[in-house]
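Chain by chain, the residues:
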Amino acid sequence: MSDLDQLKLRIRQFADERDWQQYHSPKNLAMALIVEAAELVEHFQWLTEAQSQTLAPEKLAQVSDELADIQIYLIRIADQLKVDLLEAVDKKIEKNAVKYPADKVRGSAKKYNEL
């Protein structure tokens, strides 16, 4: 069993022990994920690029908590929809490699339809 599978089961058990399944529809979980993503962004609001790369330990701990919240909701949504996240990521990287060939996009921030 992969680490991700173990984490998925741990998150599922956490929700089950609290009878939260009734609230964990994919829609509700997706909305909660966006809220957590917004909370992550808030930590970087108004920082310079350099400041965003050198967070103070306390700020980094807060950012770490938000990243964990995002990961938990992401795993929970995938679990509810029976999506294998590792497989989905592998497939998406393959798609992105076709959309963004390294020899054409190296050093560019252009979107695939602008190449």
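A brief report on the enclosed structure follows.

Analysis parameters
Residues numbered from 1 in each chain as written. Predicted model: local features only at pLDDT ≥ 70, side-chain atom pairs only at ≥ 80, totals over all residues. Heavy atoms only, no water. Phe/Tyr/Trp six-rings, centres within 6.5 Å; stacked < 30°, edge-to-face > 60°. Buried < 20%, exposed > 50% of the residue type's maximum accessible area, 1.4 Å probe, protein only. Helix = DSSP H or I, 4+ residues; strand = E, 2+ residues; numbered from the N terminus. Lys NZ or Arg CZ within 6 Å of the ring centre and 35° of its normal. Contact = heavy atoms within 4.5 Å.

### Some points on the packing of aromatic side chains
Alright, step 1. Using the criterion set out here, one finds two aromatic pairs in the structure.
Alright, step 2. Plain terms: the ring middles of Phe 14 and Trp 20 are 5.7 Å apart, the flat faces sit at 70 degrees to each other, and that makes the pair edge-to-face.
Alright, step 3. Look at Phe 14 and you get partly exposed, because its relative accessible area is 41%.
Alright, step 4. Ring centres of Tyr 100 and Tyr 112 lie 5.9 Å apart, and the angle between their planes is 90 degrees; this geometry places the pair in the edge-to-face category. Remark: Tyr 112 occurs in the segment after helix H6 (102–105) and Tyr 100 occurs in the loop between helix H5 (85–99) and H6; sequence separation between them is twelve residues.
Alright, step 5. Residue class for Tyr 100 comes out partly exposed when judged on its relative accessible area of 28%.
Alright, step 6. Lying over the aromatic face of Phe 14, Arg 18 brings its terminal NZ or CZ to 3.5 Å of the ring centre.
Alright, step 7. A cation sits over an aromatic face here: Lys 99 above Tyr 112, 4.2 Å from the ring centre.

### A look at the environment of Leu 47
Alright, step 1. With respect to the element layout, Leu 47 can be found in the loop between helix H2 (26–44) and helix H3 (49–53).
Alright, step 2. In this structure, the C-alpha to C-alpha distance between Leu 47 and Pro 26, residues 21 residues apart in sequence, is 33 Å.
Alright, step 3. Contacts of Leu 47, omitting those with residues within four sequence positions, involve Ser 52 and Leu 55.

Any functional reading would require information that these geometric values do not contain.
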